[in-house]
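For reference, the chains in residue letters:
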Amino acid sequence: FQFNCLYSITPLLTLSSFTYDFLEKSYAHLPHLRVHDPISTIEPRKNIPAIVLAYDKLRSLGNPQLDKYKLVIAGGKGWKIKNILDVMRGAKFSKDIIFTSCITSQDKAAVFTLASLFVYPSFFEGFGIPVLESLCLKTPVICSDLLVFRESFGNLPIYINPIDLSEFTKGL
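Residues numbered from 1 in each chain as written. Predicted model: local features only at pLDDT ≥ 70, side-chain atom pairs only at ≥ 80, totals over all residues. Heavy atoms only, no water.

S.K.: Describe the packing of aromatic side chains, and please don't skip the residues or the numbers.
M.R.: By the definition in use, this model includes 4 aromatic pairs. Their ring planes at 55° and their centres at 6.1 Å tell us that Tyr-120 and Phe-149 sit as a pair that is tilted. Separated by 29 residues along the polypeptide, Tyr-120 in strand β5 (residues 118-120) and Phe-149 in helix α6 (residues 147-153) bring together distant segments of the chain. One aromatic cluster is present, formed by Phe-118, Tyr-120, Phe-127, Phe-149 and Phe-153 through successive ring pairs. The ring of Tyr-159 is capped by Arg-150, whose NZ or CZ atom sits 4.0 Å from the centre of that ring. (Phe/Tyr/Trp six-rings, centres within 6.5 Å; stacked < 30°, edge-to-face > 60°. Helix = DSSP H or I, 4+ residues; strand = E, 2+ residues; numbered from the N terminus. Lys NZ or Arg CZ within 6 Å of the ring centre and 35° of its normal.)

S.K.: Mind laying out the pattern of salt bridges, listing which residues take part and the relevant values?
M.R.: Evaluation of the coordinates by the stated rule reveals 10 salt bridges. Between Arg-45 and Glu-43 there is a salt bridge; the shortest N-O distance is 2.5 Å. On the accessibility criterion, Glu-43 (11% relative accessible area) is buried. We note a salt bridge from Asp-96 to Lys-95, for which the minimum N-O separation is 3.2 Å. Overall, the relative accessible area of 4% leaves Asp-96 in the buried class. The exposure class assigned to Lys-95 is exposed, which follows from its relative accessible area of 54%. Linked through salt bridges whose partners overlap, the residues forming this network are Arg-59, Asp-67, Lys-70, Lys-95 and Asp-96. (Salt bridge = Lys/Arg side-chain N within 4 Å of Asp/Glu carboxyl O. Buried < 20%, exposed > 50% of the residue type's maximum accessible area, 1.4 Å probe, protein only.)

Structure, rendered in structure tokens:
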């Protein structure tokens, strides 16, 4: 489990192999990343522990192709962050989890565009701007099966039950 800050502002997302060259130039301290989760403020309603547990479960399947994927969680520190960080630290694959506070506004679109996957398993949202941003930049989205998302985004995302770990893992 590593704790990094890229600079300031905005939540981070999901990364693909194409992102490495871009980030290597801008953020040399990050390792080669393949999967990268976009999050806004890290707080209980964002359901970060579920992302970590689903990632652990997926990696535990023993598929060597999954070894190249890192889980990157990005966003500002919110309330009850200690409990969330404890789940990250206790994960079986914690060495492959990177928590970063933010990315510059100038780089946000580039990171979204180059992302492999955007995961947003929130328990409730007012609208879900990060989902919209990701979809607009053609990044695949897995998000909670919330009415607001279905009304706003139709059949574009893959919807998951944010409390069903098996369904969440299958979605990933």
